[in-house]
Amino acid sequence: MEDRLTLSYFYGKEADQYSFYKIPKLLFTDEHFKNVSVEAKVLYGLMLDRMSLSVKNQWLDGEGRAYIYYSLEDIMDALGCSNKKAITIMKELDAEAGIGLIEKKRQGQGKPTMIYVKQFVIRDVQECKNYTSEEKLTIPEVKKIHTNKNNINNTELSNTESNLILSENDRMGSEVEAYTELIKENLEWDLFREYYPYEQELLDGIFDLILETVLCKSESIVIASNRYPTAVVKSKFLKLNSSHIEYVIDCFKANTTKVHNIKKYLLATLFNAPTTMSGYYQAEVNHDFPQFAVKSN
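All values derive from a computational prediction rather than experimental measurement.

Parameters and conventions
Numbering of residues begins from 1 in every chain and follows the order in which that chain's sequence is written. Where local features are concerned, this predicted model is filtered to residues with pLDDT of at least 70; where side-chain atom pairs are given and counted, the filter is 80 or more; whole-chain, interface and lining totals use all residues. The side-chain figures draw on all heavy atoms in the structure; neither hydrogens nor water molecules are used. To count toward a patch, a residue needs a relative accessible area above 30% and no salt bridge. Like charges then connect within 9 Å, nonpolar side chains (Val, Leu, Ile, Met, Phe, Trp, Tyr) within 5 Å. To measure how exposed things are, a 1.4 Å probe is used in the Shrake-Rupley method; for residues, cover is taken only from the protein chains shown. In the sections that follow, a salt bridge refers to a side-chain nitrogen of Lys or Arg positioned within 4 Å of a carboxyl oxygen of Asp or Glu. Labels follow the DSSP assignment, with helices taken as runs of H or I lasting at least four residues and strands as runs of E lasting at least two, numbered in each case from the N terminus. Interaxial angles span 0 to 180 degrees and are taken between N-to-C directions of axes, which are lines fitted to C-alpha atoms, for helices over the stretch in contact. Should an angle fall under 35 degrees it is called roughly parallel, over 145 degrees roughly antiparallel, and 65 to 115 degrees roughly perpendicular, with every other angle called oblique. Here a crossing is taken to be left-handed if its near helix is turned anticlockwise relative to the far helix by less than a right angle, and right-handed if that turn runs clockwise. Two residues qualify as a contact provided that any one of their heavy atoms is within 4.5 Å of a heavy atom in the partner residue. Residue classes follow a fixed rule: Ala, Val, Leu, Ile, Met, Phe, Trp, Tyr, Cys and Pro count as nonpolar, while Asp, Glu, Lys and Arg count as charged, and any other residue, Gly among them, counts as polar. Exposure classes here rest on a 1.4 Å probe applied to the protein chains alone. A residue is buried below 20% of its type maximum, exposed above 50%, and partly exposed in between.

Asker: Provide a residue-level description of a nonpolar patch on the surface, including the pertinent values.
Answerer: Judged by side-chain polarity, Ile23, Phe28 and Val38 come together as a nonpolar surface patch covering roughly 260 Å² of accessible area. As for its position among the elements, Val38 is in helix H2 (residues 38–57).

Asker: Lay out the packing of helix H7 (residues 200–215) against helix H9 (residues 242–254) in plain terms, naming residues and giving numbers.
Answerer: Packing of H7 against H9 brings their axes to within 12 Å, and their N-to-C directions diverge by 125°. Taken together, the axes of H7 and H9 are oblique relative to one another. Of the two possible hands of crossing, H7 and H9 adopt the one that is right-handed. Across the interface between the two elements, Leu202, Leu203, Ile206 and Ile210 from H7 touch Ile245, Val248, Ile249 and Phe252 from H9. Split into classes, the residues belonging to the contact of H7 with H9 amount to eight nonpolar, no polar and no charged.

Asker: Can you lay out the pattern of salt bridges for me, pointing to particular residues and giving the numbers?
Answerer: If you walk through the whole model with that rule in mind, you get 11 salt bridges. A salt bridge links Lys217 to Glu175; the shortest N-O distance between them is 3.4 Å. Here Lys217, found in the loop between H7 and strand S4 (220–223), pairs with Glu175, found in helix H5 (residues 159–187); they are 42 residues apart in sequence, far enough to count as distant. Take Lys217: its relative accessible area is 13%, and that puts it in the buried class. For Asp204, the salt bridge identified is with Arg193, shortest N-O distance 2.5 Å. In this pair, Asp204 is assigned in helix H7 and Arg193 in helix H6 (residues 189–195), connecting sequence segments 11 residues apart. Its relative accessible area of 35% is what places Asp204 among the partly exposed residues.

This is how it looks when you write it as structure tokens:
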């Protein structure tokens, strides 16, 4: 081929210098999404990436749900397809005509359509109470329910009721498993643990806190005395990477004041990590190497 490129290899961690779109692995492995086209899965990944702009601009509706704007022109440009193809791909994801990964809300009067990017994991039907950062978060346990006609207060569960309980617990287990896999992938968890062999207990606590937070079904979460919509908190926690966790560990070790509530402290530090990390390390450089300090005008 005349247009074939001559490209170099990646060495070491060179790939970390680039930004990537992330498409959930579950879309390719879960039976529920087997009939969704590759183009639609890619578009869903692009829309997930756009959610970061929603968090930044506080695009939340009256119920605290995050939404995005993504026009047909955006799709055509991103995927290099025609208008007709863009409409077809969008329909695959739509709640009315397709799988239900997005939900559109037309505003009328020439305003752009709001798009809710819905979560790709199978949600359980139970709702947890509103909680603050001081309250204990509990990971739902996945248990098989064994029925016995001779006990349970002499109450017999029908096959339909038993299957319903099992089904709900299966969905709960699928959600925990899906988020566990996603978070480990985002944090490069197995490799990261090798770098901190003496901090395993702290790392386990951080991972559990991240998982518990994204699993919570409450409408809002209190972090450092401020209440945030749960959708915003989940979005930020699902964007955490290994660099953010390293920063959290550094902050924890560098802290010289007594931490009365470690969970509250870690929750706030994780939430603020993407915003405060660069400033923290710049301050470290300014202190240790004042000749390299960034001077403000």
